[in-house]
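# Remarks on the overall topology
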Amino acid sequence: MYKSGYVAVIGRANAGKSTLVNVLVGEKVAIVSPKPQTTRDRIMGILTTSDYQIAFVDTPGLYKADNLLNSVMQKTVSDCNEDVDLVLFLVDIHDGLTDTDIEQIKKYTSLSIPSVVVLTKTDITNEKLLIAEMGKLSEINCDIVPVSSRKGKNLKELLKVIVNKLPEGDKLFTEDIISDRSEKFMIGEIMREKILLKFDKEIPHGVAVIVNEFKLRSDKKVYDISLDIICEKPNHKAILIGKGGKAIKEVSSFARAEMEKFLDKKVFLTTYVKVEEDWRNSVRLVKQCGYSEE
């Protein structure tokens, strides 16, 4: 009896959604950073075993939409939940449950779609706090699984709960596929991840990456990659480039190293920093940066 299905992974920004998907799939299919808005679009990670196949759908964090890009991201979350077999609602239990968390959990568990509440970051959560917070969910009729992605704690139990709720069915994807995203898409995401990790405060939120060239040379040994880093203000561009180009060289070096690891090829990387004021409210630029308005 083989099981398969689509599992939406939702929750507030920084709840650990992408980290959990990467760990469960066993490969990096989504970038991670401590900053909100790291995940901007739906990204699928596929786990295949001899008994089941799970297509985890990693989604942007839940928060108030205050520009076009954020509106597109929140629509992505909403649309994703309409066509899945199970919803995983993640909560960073280290921060404690908020009234909004409980309200959202009740919203999703009241739907006809099966759901599981996953309490993340238990490795850095006081046990007494964990027990107290779980008590707040006692009236909610769904499975609650505390986990630590970083420590691998209780992930086998989580998978058991997920598989138990999946429908019977054949594989959704061939066994060699671990993501529905292209290599070109991941290259842009790797660059954005390194920017998120290196720069502080408001700059990463106003940054997008457009991959203009992604070409394997005829010798099949080197990729030529050219990309634009889009920011919103001239002073942001100056910070991204740094004195004498030091900052952009450093972040590009980190990105190139991970790109080479990801592609298993050498990479010749060219980066340009461009200013597009208020691009997050531009339909044309939001689409050009890969975030669909549809």
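The numbering scheme is per chain: residues are counted from 1 as the chain's sequence reads. Owing to the predicted nature of the model, reporting of local features is limited to residues with pLDDT of at least 70; listing and counting of side-chain atom pairs is limited to 80 or more, with chain, interface and lining totals taken over all residues. The side-chain quantities take in all heavy atoms of the structure and omit both hydrogens and water.

## Here's the deal with the overall build of the chain
Comment: elements are numbered from the N terminus, with helices defined as DSSP H or I runs of at least four residues and strands as E runs of at least two. Looking only at helices and strands, one finds nine helices and nine strands in the chain. In the chain, which comprises 294 residues, the proportion classed as buried is 51%. Here the open area of atoms and residues is found with the Shrake-Rupley method and a 1.4 Å probe, where only the protein chains shown may cover a residue. Total accessible area on the chain is roughly 14500 Å²; 49% of this is exposed by carbon and sulfur atoms. Buried means the residue's accessible area, taken with a 1.4 Å probe over protein chains only, is under 20% of the maximum for its type, while exposed means over 50%, and partly exposed covers the values in between.

## Description of the packing of helix α7 (residues 234–241) against helix α8 (residues 246–263)
The relative placement of two packed helices is expressed as an angle between their axes plus a distance between the axes. Angles shown run from 0 to 180 degrees and are taken between the N-to-C directions of axes, each axis being a line fitted to C-alpha atoms and, for helices, limited to the stretch in contact. Here α7 crosses α8 at 65°, and the two axes come no closer than 5 Å. Contacts from Ile-239, Leu-240 and Ile-241 of α7 reach α8 at Lys-246, Ala-247 and Ile-248. The residue classification treats Ala, Val, Leu, Ile, Met, Phe, Trp, Tyr, Cys and Pro as nonpolar and Asp, Glu, Lys and Arg as charged. All others, Gly included, are polar. For the contact of α7 with α8, the per-class residue count stands at five nonpolar, no polar and one charged. Residues are treated as being in contact if the distance between any of their heavy atoms lies within 4.5 Å.

## A word on the pairing of strand β2 (residues 43–48)
Burial runs high along β2: five of the six residues are buried. Bridge analysis of β2 against strand β3 (residues 52–58) gives six bridges, and the strand direction is antiparallel. Each bridged residue has a counterpart across the sheet, and for Ile-46 the counterpart in β3 is Ala-55. Pairing between strands requires that DSSP locate at least two bridges from one strand to the other.

## Describing the sheet that holds β3
One open sheet accounts for six strands, arranged β2-β3-β1-β4-β5-β6; its pairing is mixed. Edge strands, defined here as strands with exactly one partner in the open sheet, are β2 and β6 (143–146). Direction aside, neighbouring strands of the sheet carry axes that sit 25° apart on average. As paired strands, strand β4 (residues 86–92) and strand β5 (residues 115–120) are joined by six bridges and run parallel to one another. In the sheet register, Asp-92 faces β5, and the bridge partner there is Thr-120. Packed on one face of the sheet, helix α1 (residues 17–25) meets β1 (3–11), β2, β3 and β4 and runs near 160° to β3.

## A closer look at the packing of helix α6 (residues 183–198) against α8
Direction vectors running N to C along α6 and α8 enclose 140°, while the axes themselves pass 9 Å from each other. Classified by the angle between their axes, α6 and α8 sit oblique to one another. The hand of the α6/α8 crossing is right-handed. Taking contact as the criterion, the partners of Glu-183, Met-186, Ile-187, Ile-190, Met-191, Glu-193, Lys-194, Ile-195 and Lys-198 in α6 are, on α8, Ala-247, Glu-250, Val-251, Ser-252, Phe-254, Ala-255, Glu-258, Met-259, Phe-262 and Leu-263. Looking at the contact of α6 with α8 residue by residue, the classes come out as twelve nonpolar, one polar and six charged. Small angles under 35 degrees read as roughly parallel and large ones over 145 as roughly antiparallel, with 65 to 115 read as roughly perpendicular and the rest as oblique. In this scheme, a crossing is called left-handed if the near helix is turned counterclockwise away from the far one by less than a right angle; it is called right-handed if the turn is clockwise.

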